[in-house]
Amino acid sequence: MGEEVSNKQIILKDYVHGFPKESDFLLKTSSTIKLKLPDGSHDAVLVKNLYLSCDPYMRNRMGEADGNNPTPFTPGSPINGHGVSRVVDSSHTNFKKGDLIWGFTGWEEYSLITDTSSLFKIQDADLPLSYYTGLLGMPGMTAYAGFYEVCSPKKGETVFVSAASGAVGQLVGQFAKLMGCYVVGSAGSKDKVDLLINKFGFDAAFNYKEEEDLNAALKRYFPDGIDIYFENVGGEMLDAVLLNMRLRGRIAVCGMISQYNLEEHEGVRNLFCLVTKRIRMEGFVVLDHYHLYPKFLELVLPLIRDGKLTYVEDIAQGLESGPAALVGLFSGRNVGKQVVAVARE
């Protein structure tokens with residue numbers, strides 16, 4: 001029959017307009033779940049969630065369906081995202097009871113997952129399991145695919161990363177340094193700027209909130225221009241970067257966090273630079289690159305073990321802390337990769 005247990009869940013109350021607030025979410029404590037798959041389940045897994053990932057893209061999913069948001073959350077239901085889980089029961093040949101996995105799961109204590117296409121089995125459990133929400137999970141793959149596949153970097157090139165202390169940015173900067181590039185990052189506080197230089201080894205970094213003129217700031221750090229821009233911010237920063245790109249520069253568009261909470265998105269004025277400077281600007285989604293995950297692990301696992309790749313996490317304790325942690329992303333409250341620890345085991 002399977003034991004029945006309580007299953008706390010984080011529910012989205014209604015579609016969100018403007019900046020999300022903790023009060024847009026509800027901690028539901030009345031749900032229960034049986035620790036056994038329903039009869040007739042095929043290729044499904046029942047998991048206990050250990051860590052959940054807070055990611056900026058989740059803001060789009062809080063709104064109604066449109067061209068930018070084909071898969072919105074359902075008001076009144078648990079939200080979902082990336083996480084690390086342990087398999088409790090399985091009818092899938094690739095996953096057995098006790099396996100550790102990462103991939104798409106619910107914001108709840110236990111989840112029944114019927115679409116297992118985005119689940120990966122964790123083979124290297126000697127590293128912190130929370131890393132599979134970040135460095136060894138979706139953000140890590142995002143940094144890898146965006147930098148190596150989209151940007152086609154070469155040794156000695158100049159690289160600028162916005163939102164550089166976040167889950168993705170901190171890795172892009174380190175990948176670029178490992179390639180022998182000159183790397184500058186922007187972030188939103190003095191502590192984050194110090195982290196970029198002293199912990200992640202960026203050549204330089206600046207606090208964008210203290211710069212009256214972003215164009216002038218970029219000219220200061222890149223007197224000869226920018227070869228590669230890893231775009232996480234959009235808005236005024238993108239406009240300033242376009243003026244400072246070098247001939248045949250590349251821009252990988254990963255995200256635009258400055259725009260997610262605006263009812264009216266800001267326009268970009270300097271797009272003609274794409275023509276005059278022959279710039280290639282390309283958006284990408286990590287889902288298209290998951291076939292490269294084994295290749296990615298071949299690169300990063302030795303670097304982590306040799307201490308050549310470092311990672312900073314901001315871990316909130318307990319499922320009930322999830323809404324505050326998620327909302328905090330949009331005011332820059334987190335330092336490093338924001339994770340919610342649901343259960344240690």
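The structure we're discussing is the one just above.
Since the model is a prediction, treat every value here as computed from it, not as a measurement.

## So, the overall build of the protein
- Looking only at helices and strands, the protein has eight helices and 17 strands in total.
- For 345 residues, the compact-globule estimate of 2.2 N^0.38 gives 20 Å, and the protein sits close to it at 21 Å.
- Principal-axis analysis of the C-alpha atoms places the extent of the protein at approximately 70 × 45 × 35 Å.
- When the 345 residues of the protein are sorted by exposure, 56% land in the buried category.
- Contacts in the protein between residues at least 24 apart in sequence constitute 70% of all its contacts with a sequence separation of at least 6.
- Within the structure as shown, the protein displays about 15300 Å² of accessible surface, and the carbon and sulfur contribution to it stands at 51%.
- Of the side chains in the protein, 35 bear a positive and 42 a negative charge, and the two mean positions are spaced by 4 Å.

## Remarks on the sheet that holds strand 13 (residues 226-231)
- A sheet is described by the order of its strands in space; here six strands give the open sequence 12-11-10-13-14-15, paired in parallel fashion. Every other strand in the sheet has two partners, leaving strand 12 (204-207) and strand 15 (280-283) as the edge strands with one partner each. Between one strand axis and the next, the sheet turns by 15° as a mean value, whatever way the strands run.
- The pairing of strand 11 (residues 182-187) with strand 12 spans four bridges and is classified as parallel. Paired with G185 across the strands is A205, a residue of strand 12.
- In this fold helix 1 (residues 138-150) packs onto strand 10 (158-161), strand 13, strand 14 (245-253) and strand 15, with an angle of close to 150° to the strand it touches most, strand 13.
- Running at roughly 170° to strand 10, helix 2 (residues 169-178) makes contact with strand 10, strand 11 and strand 13 of the sheet.

## A word on unusual backbone geometry
- Unlike most non-glycine residues, A163 shows phi in positive territory, near 50°.
- Note on A163: relative accessible area 30%, which makes it partly exposed.
- Despite not being glycine, R248 has its phi angle at roughly 60°, a positive value.
- With respect to the helices and strands, R248 occurs in strand 14.

## Here we look at the pairing of strand 16 (residues 313-317)
- Both strand 16 and strand 17 (residues 337-341) contribute to a ladder of five bridges, which runs parallel. Each residue of the ladder has a partner; that of I315, found in strand 17, is V339.
- Tracing the backbone out of strand 16, into helix 8 (residues 322-328) and back to the parallel element strand 17 gives a crossover that is right-handed.

## Topic: the packing of aromatic side chains
- Counted by the stated rule, this structure contains 17 aromatic pairs.
- Here Y144 and F296 contribute two aromatic rings whose centre-to-centre distance is 5.5 Å and whose plane-to-plane angle is 65°, an arrangement assigned as edge-to-face. Remark: F296 occurs in helix 7 (residues 293-305) and Y144 occurs in helix 1; sequence separation between them is 152 residues.
- A residue is classified by how much of its surface remains accessible, and F296, at 0% relative accessible area, is buried.
- When the centroid spacing of 5.3 Å and the interplanar angle of 15° are considered together, the rings of F206 and Y221 count as stacked. Residue F206 is found in strand 12, and its partner Y221 is found in helix 4 (residues 214-221); the two are separated by 15 residues along the sequence. Y221 matches F206 in its accessibility class, with the two residues each being buried.
- The rings of W102, F120, Y144, F147, Y148, F175, Y290, Y293 and F296 are connected pair by pair, giving a single aromatic cluster.

## A closer look at helix 1
- In terms of burial, helix 1 is a largely internal element, eleven of the 13 residues being buried.
- All of the buried residues along helix 1 are M138, P139, G140, M141, T142, A143, Y144, A145, G146, F147 and V150.
- In the segment just after helix 1, S152 is the residue with positive phi, at about 45°.

Rules and cut-offs
Residues numbered from 1 in each chain as written. Predicted model: local features only at pLDDT ≥ 70, side-chain atom pairs only at ≥ 80, totals over all residues. Heavy atoms only, no water. Helix = DSSP H or I, 4+ residues; strand = E, 2+ residues; numbered from the N terminus. Rg over C-alpha atoms; globule rule 2.2 N^0.38 Å. Buried < 20%, exposed > 50% of the residue type's maximum accessible area, 1.4 Å probe, protein only. Contact = heavy atoms within 4.5 Å. Areas by Shrake-Rupley, 256 points an atom, 1.4 Å probe, with all protein chains shown as cover. Lys, Arg positive; Asp, Glu negative; His and termini not counted. Charge placed at Lys NZ, Arg CZ, Asp CG, Glu CD. Pairing = 2+ DSSP bridges. Axes fitted to C-alpha atoms, helices over the stretch in contact; angles between N-to-C directions. Right-handed = clockwise from strand over helix to strand, strands pointing away. Phe/Tyr/Trp six-rings, centres within 6.5 Å; stacked < 30°, edge-to-face > 60°.

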